[in-house]
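Structural description and commentary
Here are the chains, one letter per residue:
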Amino acid sequence: DKEFTKQVVVLNFWATWCPPCRKETPEFVALQEAFEGRVQFIGIAIDDEEPVREFADTFGINYPVLLGDIGAVSLSRRLGNRYEGLPFTVVTAPGGKVVLRHAGELGR
C-alpha cells in the first residue's frame with residue numbers, strides 16, 4: 001500500500017502463546033492510537049486463526065494482523081531474525097528503509 005510508504009511502519013512478528021508478545025501488545029495498541037497517521041503497526045501472527053482472533057479481541061488490537069505460516073518465519077529470517085525467535089520487530093522509516101531490527105520484547 002502506497003500509504004504505508006509515507007509513514008513509519010512497525011512490523012511485529014508474534015504469537016498468542018508468547019509471554020513477551022502478550023506483554024508488549026497493549027503498548028503497541030496505545031502507540032498506534034497515539035501516532036495514528038504517522039506510524040502504522042502491522043502484526044504478523046505465527047499462530048492459528050482462532051487463538052489470534054480471540055487475542056485480538058481481548059487486547060483490542062487496532063492495527064492489521066496477518067496470519068503467518070512457515071513463509072512468515074522465513075520472511076522474519078530475511079529481515080534479520082537469525083534465531084527465528086518471537087517477538088521480532090522491524091521498524092521502517094517513511095520510504096521503507098529499515099531503521100531497527102529487534103529480537104525479543106521491546107523495552108521502554
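Residues numbered from 1 in each chain as written. Predicted model: local features only at pLDDT ≥ 70, side-chain atom pairs only at ≥ 80, totals over all residues. Heavy atoms only, no water.

1. Focus on the environment of Tyr63
Within the secondary structure, Tyr63 is located in the loop between α2 (49–59) and β3 (65–68). Separated by 30 residues in the primary sequence, Tyr63 and Glu33 place their C-alpha atoms 9.2 Å from one another. In this structure, Tyr63 is in contact with Thr25, Phe28, Val29, Gln32, Gln40, Phe41, Ile42 and Gly43, ignoring residues within four places of it in sequence. (Helix = DSSP H or I, 4+ residues; strand = E, 2+ residues; numbered from the N terminus. Contact = heavy atoms within 4.5 Å.)

2. Section: the sheet that holds strand β1 (residues 8–14)
Reading across from one edge, β3-β2-β1-β4-β5 is the order of the 5 strands in this open sheet, with mixed pairing throughout. Looking at which strands have only one partner, the edges of the open sheet turn out to be β3 and β5 (98–103). For this sheet the average axis-to-axis angle between neighbouring strands, irrespective of direction, equals 15°. Here strand β4 (residues 88–92) pairs with β5 via 5 bridges, running antiparallel. Within β5, the position partnered with Thr92 by the bridge is Val98. Contacts from helix α1 (residues 19–34) reach β1, β2 (39–46) and β4 within the one sheet, and its direction differs from that of β2 by about 155°. Each of β1, β2 and β3 touches α2; the most contacted strand, β3, lies at about 160° to it. (Pairing = 2+ DSSP bridges. Axes fitted to C-alpha atoms, helices over the stretch in contact; angles between N-to-C directions.)

3. With respect to the side chain of Gln32
With respect to the secondary-structure elements, Gln32 resides in helix α1. Taking the relative accessible area as the measure of exposure, Gln32 reaches 0% and is therefore buried. In this view, Gln32 contacts Val39, Gln40, Phe41, Asn62 and Tyr63; residues no more than four positions away in its chain are not counted. (Buried < 20%, exposed > 50% of the residue type's maximum accessible area, 1.4 Å probe, protein only.)

4. Regarding the layout of surface pockets
The volume enclosed by the largest pocket comes to roughly 190 Å³. Along its surface, the largest pocket is lined by 14 residues, and Val10, Phe28, Leu31, Phe41 and Leu106 are the ones closest to its centre. Contributing elements (two or more residues each) for the lining of the largest pocket: β1, α1 and β2. If one sorts the elements of the lining of the largest pocket by residue count, α1 sits on top with 4 residues. For the lining of the largest pocket, the class distribution of residues is 10 nonpolar, 1 polar and 3 charged. (1 Å grid on protein atoms, 1.4 Å probe; cavity = no way out; pocket = protein on both sides within 12 Å on 5 of 7 lines; lining within 4 Å. Points joined across faces, edges and corners; volume = space filled by probe spheres on them. Nonpolar A, V, L, I, M, F, W, Y, C, P; charged D, E, K, R; others polar.)

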